[in-house]
Amino acid sequence: MAIYDKLNDKQQEAVFCTKGPLLILAGAGSGKTSVLTHRAAYLLDEVGVKPYNILAITFTNKAAQEMRERIDKLIGFGSDQIFVSTFHSMCVRILRRHVDLVGYSNNFTIYDNDDQKSIMKEVCKKLEIDTKKIKERSILNQISSAKNELVGPEKFAMGTAGDYILSKVAACYAEYQATLHKNNAFDFDDLIMKTVELFTEHPEVLENYHERWQYIMVDEYQDTNTAQFELVRLLASGSRNICVVGDDDQSIYKFRGANIRNILDFEKHYPDAKVVKLEQNYRSVQTILDAANAVIRNNSSRKDKSLWSKNGEGDKIHFRQFDTAMEEAEYVASDVLRSVRKDGFKFSDSAVLYRTNSQSRMLEERFVRENIPYRIVGGINFYSRREIKDLIAYLKTVDNGADDLSTRRIINIPKRGLGATSVTKVQMVADEMGISFFDALSHLDRAGIKGSTADKLRSFESMILRLRAINQAEGPVKLIKEILDVTDYINQMEVESEEEADERIGNIEELVSKITAYCEEHAEPTLTGLLEEIALIADIDSVTEGEDRVLLMTIHSAKGLEFTNVYLTGMEDGLFPSFMSVTEGDEGIEEERRLAYVAITRAKRNLTISSARARMINGETQYNAVSRFVNEIPNSLFDTPPVRKKQYGEDYSEDRYEGTRSFRSFDSGFSRKSDYSDEGDTYGGFKRTADEPSAYDISKPYNPYSRPKASARKTPEEDKPFIVKAASLDNLKKGSDIAAGGSSKLKAGDRVRHVKFGDGTVISVVKETRDDKVTVQFDTAGQKIMYASFARLQII
DNA sequence: TTTTACTTCGTTTTT
DNA sequence: CGAAGTAAAA
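Residues numbered from 1 in each chain as written. Chains lettered and ligands numbered in written order. Predicted model: local features only at pLDDT ≥ 70, side-chain atom pairs only at ≥ 80, totals over all residues. Heavy atoms only, no water.

K.L.:
For the layout of surface pockets, give the residues involved together with the corresponding values.
P.N.:
Reported here for the second largest pocket is a volume of approximately 820 Å³. Along the walls of the second largest pocket sit 25 residues, with Lys 121, Glu 122, Lys 125, Arg 408 and Gln 427 positioned nearest its centre. Of all the secondary structure elements, the ones that give two or more residues to the lining of the second largest pocket are α6 (113-126), α9 (164-182), α19 (404-410) and α20 (420-433). Looking at the lining of the second largest pocket, the element that brings in the most residues is α6, giving seven residues. Of the residues that constitute the lining of the second largest pocket, the class distribution is 10 nonpolar, six polar and nine charged. (1 Å grid on protein atoms, 1.4 Å probe; cavity = no way out; pocket = protein on both sides within 12 Å on 5 of 7 lines; lining within 4 Å. Points joined across faces, edges and corners; volume = space filled by probe spheres on them. Helix = DSSP H or I, 4+ residues; strand = E, 2+ residues; numbered from the N terminus. Nonpolar A, V, L, I, M, F, W, Y, C, P; charged D, E, K, R; others polar.)

Laid out in C-alpha cells, this is it:
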C-alpha cells in the first residue's frame, strides 16, 4: 500500500471510501487531484474494479489529460480505459451514438457563441424583434440560463403571456431551437440538456451506461449547473457510487449557470453521503493562505474551513499602487526580469492574472518591449478569427450539409458575386420545400434564378460535392489543402488586406498543422471528429509545461493552476470587484470574493498585488479606489509598501517604490469629486466621453493633487498609444533591430529581411499617423507594401 | 454588389 | 478606445 502512505489521514479516508456517495471538500491546493488519482488507482488495484467501469468528469480537457497522466504514473496500466472526459465531450460521445433517438442525425454540428449570435439575429429578423430594444446577447443569455435549468422552450413559454419581453424571448427560444434542429446543430448548453433528455426519454440507453460506469467521480463539482447535476444524478442512480470533489469557496461560474447549492446541498440530495474535508494545503506558504482565509472569511453561506500548511511562513505579500495602468505593466515586466536575474526564477515560474481580458493589452505591450517571453491565454480565440472561421465553415459544410449557417457564410468567400439577393432567393426555396440551403441549390429553376448567377451557384454546388468526395477518399488533411487551393484563399487575402495578410496566413498554416496533428494522433481520423475537437477545445488546454514563458490570463482561466510567483493586477473597486457585481449586491460581491480567493491561492511563494489610480476603460479614464478585497487582508501580511506624494515633473525614477505608508488609509487618495468634476472624467460615478480629451494622459505621470493646465492637453494624434504587434518568440530572440511601429528606423535603400518574403530593398517609407507604410522590393517575392510595425522587418 | 465612412455601444468571467 | 454594425456611395 506504499503509494497511499504519502497521503495524509483525510486524503486516505477519501481514497479508501469507495462505496456510496462521497463528498470531498477540497480546499485550494489540498491535493485533490492526488486524491482522485489515488482513488482511481485504489479502485483498480485493491477493489478489483475494471478500468472501463470508471468514469471521471472534469471541466477542461487539460484537467482530464492531467488526471489520466497521473493515474498512468501511479499504476502504469489500464488507465487509458478509464473514461476521463469533460462534461461536454462526454455528452458529445453519448449523443453521437444515440441522438437519432431524439430526432437529430449523428453528424451534428456544434455551434459556438458567434454562431449562436448569427442564428439569433436571423430569428429576431424573422420574428420582427427590434434588436436594439432586446439584444441578441440578452436573449441568448436567458435561453442559456433556461437550458442550464433544463427548461425547454415549451416550459419557458408557460406563464410569459403577460410579460411583453419574456413572451418575445419565449418565441425566440422556440424559433432558435427549431433553427438549430433544422441545421442539425447543437449549442454548448444543448449538449448537456439533450443528453439528459435522451436518458430521461430512453431509460434503456441510460441502463447501458449504468452497467458501464459503476464508479463515478466528478471534479470541480462546485461549478456544475442544474443540468449537469441532473446528468450526474442520472448516471449515478444505478450504482450510487458517486464521488464528487469541490470547493464551495472556488465557485466562480455562476454566470454560466453554476449552482453553488449543488455542492452545499450534496448531503441533502444524498443523506447517506460521507463527507471528507481537506484543509491542509501543500501549495502555498502560510502568509498567502492567511491572506486567502482573511478574504474569504467575509463571505456568508459557505462551508466553514480554513487552509493551513507546513510550508513555512514565507515572504510578505507585496502591494504596489501606481498612477496608471501603464506604470503597473512596467512594474510587472521589470519585476519579472528581476525575479529571473536575482531569484533565479524561470519565466514560467511567473503568471500575471487579471479580471478582464482587455487588461492584457498593456501588459503584452510591455512584455514585447522588454523582450520577455510570454503567452496570453484566452482572449480572442484562435478559432474565432475570421479566416479560421471561414475555413471551418467550409469543413462544416462538407461535413454537415444541413448546416445552413456555414454554407451561407462561405457561399461568397472568396467573392463570387453571390450577394444577399441570391442567398435570399435560395433560402426561400429551402424554406418552402423544407430542405437545407445547400440542397436547395439543385432547385434553382424554382428559385427563379437564371443566367450567370445560376452558373455561379451551380459551380459552388459542384465544388462542395467534389470536396465531399475528396474528404471521403482522402481525409481531412487533403481536404483542407484542396479547399485552400480551390478557393485561392491565401492569394485573395493578400490582395484585400495587405497589412493583416501576414498574420492571417500564419493562422491558416497553424490550422493546417493542427489538422495534420489531429489526423496523426487518431487511429481513425474523421472530419466529424476533427470539428468536434475544435469546437470543444479551450484555450487553456493547449498550455503545456516546458515552455519557458510568463503566462498572462484571467483569473477564471487560472483556476486549477499554480505558480511560484503571481502578479494579481488591476485590484481596483469597479474593476475587481467589477462594477456589475457591485450593483448586484451581496451575491455578486461574494462571487467576486471567491474569485479573489482563487487568485490569491494560485501563488506558491510570492504574491504581488497591484492597482492603478487611473485606468482607461472603454475609452474613458476611470479613477478607482483600491479593491475592497485588498483591504480585507490584514496589514501585517504585507511588506511595507511605499506611498509617494508625487509632485508634478519630479523625477521619481529612482525611488518610485520606496518609502513607507499605511495602504489602508490611502485608498485612491483623491476622491473629492468637486475638485475635478468639471474635467468630465469619471469621478465617483461621473463619466466623461472619449472625445473630450482629459488633461491626464494616462501614458504620462501626472500630479493628482494640482489642477492641470490647459496647455497640458494633448492632441488626439499624440494621444494614440504606441502599439507594437505581438512578435513571435522567434522574433523576440532574434535581437534588437526589429523595426517597430511609430518609430521605424527604416529609410529608402535599406536592405531588409522579412520572415516570409526573404530579403529585399526598401523603396519608400511613407509616414502615416499610426505607423510607417513601407514599400519593399523583395528579391524573390516581388514588391510589397506593408506597415512597418507589422512586417517586423529586420535591417540587414 | 461592394467598398467606405460614419455611428453606436460597451460580456467581467467561458465550456 | 475599438469592434461591429449601418448608411451611403462607387
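The rest of the description comes next.
K.L.:
So, empty space enclosed by the protein: which residues are in play, and what are the values?
P.N.:
As enumerated under the stated definition, the model contains five cavities of 30 Å³ or more in all. In this model, the second largest cavity occupies a volume close to 70 Å³. Lining the second largest cavity, in full, are Arg 96, Phe 108, Thr 109, Ile 110, Lys 396, Asp 399, Thr 528, Leu 531, Glu 532 and Ala 535. Counting only elements with at least two residues in the lining of the second largest cavity, the list comes to β4 (109-111), α18 (386-399) and α27 (527-536).

K.L.:
Could you give me a rundown of the sheet that holds strand β6 (residues 215-218), with the residues and numbers involved?
P.N.:
Taken in spatial order, the six strands of this open sheet run β3-β2-β6-β7-β1-β8, and their pairing is parallel. Since the sheet does not close on itself, it has two edges, and those belong to β3 (83-86) and β8 (274-278), each with one partner. Geometrically, the sheet is characterised by an average inter-axis angle of 15° between neighbouring strands, direction not taken into account. Where helix α12 (residues 226-236) meets the sheet, its contacts fall on β2 (54-58), β6 and β7 (242-246), and the angle it forms with β6 comes to roughly 160°. (Pairing = 2+ DSSP bridges. Axes fitted to C-alpha atoms, helices over the stretch in contact; angles between N-to-C directions. Contact = heavy atoms within 4.5 Å.)

K.L.:
Would you mind going over the nonpolar core in detail, with residue names and values included?
P.N.:
With 47 residues, the main nonpolar core has Leu 391, Leu 395, Val 426, Leu 457, Ile 464, Leu 467 and Leu 511 as its most contacted residues. Take this core: its biggest share by element is eight residues, from helix α26 (residues 498-521). Residues Phe 108, Val 196, Tyr 209 and Phe 266 belong to the second largest nonpolar core, which totals 46 residues. (Core = buried A, V, L, I, M, F, W, Y, C linked by side-chain atoms within 4.5 Å. Buried < 20%, exposed > 50% of the residue type's maximum accessible area, 1.4 Å probe, protein only.)

K.L.:
A description of the packing of aromatic side chains should follow, citing residues and the corresponding values.
P.N.:
To describe a pair of aromatic rings, one takes the distance between the centres and the angle between the planes. Applying the stated rule across the entire model yields 18 aromatic pairs. Both rings, one in Phe 266 and one in Tyr 270, keep their centres 4.9 Å apart while their planes meet at 35°; by these two values the pair is tilted. When sorted by exposure, Phe 266 lands in the same class as Tyr 270, which is buried. Where Phe 382 meets Tyr 383, the ring centres are 5.0 Å apart and the plane angle is 85°; that geometry is what we call edge-to-face. Just as Phe 382 is buried, Tyr 383 falls in that class too. One Lys or Arg, Arg 96, reaches over the ring of Phe 108 and ends 4.0 Å from the middle of that ring. Cation over ring: Arg 256 sits above Tyr 253, and NZ or CZ is 3.7 Å from the ring centre. (Phe/Tyr/Trp six-rings, centres within 6.5 Å; stacked < 30°, edge-to-face > 60°. Lys NZ or Arg CZ within 6 Å of the ring centre and 35° of its normal.)

K.L.:
Describe the state of the cysteines, naming the residues involved and giving the relevant values.
P.N.:
As enumerated under the stated definition, the model contains zero disulfides in all. For the unlinked cysteine Cys 17, the closest cysteine sulfur is that of Cys 243, found at 7.7 Å. With no disulfide partner, Cys 124 has as its closest neighbouring cysteine sulfur the one in Cys 172, 4.3 Å distant. (Disulfide = S-S within 2.5 Å.)

K.L.:
So, helix α4 (residues 61-75): which residues are in play, and what are the values?
P.N.:
With 15 residues, α4 extends 21 Å from end C-alpha to end C-alpha; this agrees with the ideal 21 Å at 1.5 Å per step. Listing the buried residues of α4 in full gives Lys 62, Ala 64, Met 67, Ile 71 and Ile 75. Against α3 (32-47), β2 and β3 lie the buried residues of α4. Looking one or two residues beyond α4, the residue adopting positive phi is Gly 76, at roughly 75°. (Expected span 1.5 Å × (residues − 1).)

K.L.:
Describe the protein's contact with DNA strand B, and please don't skip the residues or the numbers.
P.N.:
Close contacts around DNA strand B come from 26 residues, with Lys 135, Arg 355, Thr 421, Thr 554 and Ser 578 the closest. Here DNA strand B approaches the protein such that, of its atoms within 4 Å, sugar and phosphate make up 52%. Contact between DNA strand B and His 556: a base oxygen at 3.5 Å from a side-chain N or O atom of the residue. The set of elements that each furnish at least two residues to the surface near DNA strand B consists of α28 (555-558) and α29 (579-584). The element best represented in the surface near DNA strand B is α29, accounting for three residues. Tallied by class, the residues present in the surface near DNA strand B amount to six nonpolar, 13 polar and seven charged. (Near = heavy atom within 4 Å. Polar contact = N/O pair within 3.5 Å; in protein donor to acceptor, adjacent residues only side chain to side chain.)

K.L.:
So what's going on with the pairing of strand β11 (residues 318-324)? Residues and values would help.
P.N.:
Counting buried positions along β11 gives six out of seven residues, so the element sits mostly inside the fold. Sheet topology places β11 next to strand β16 (residues 603-617); six bridges connect them, and they run parallel. Residue pairing across strands places Thr 324 opposite Ala 614, the latter belonging to β16.

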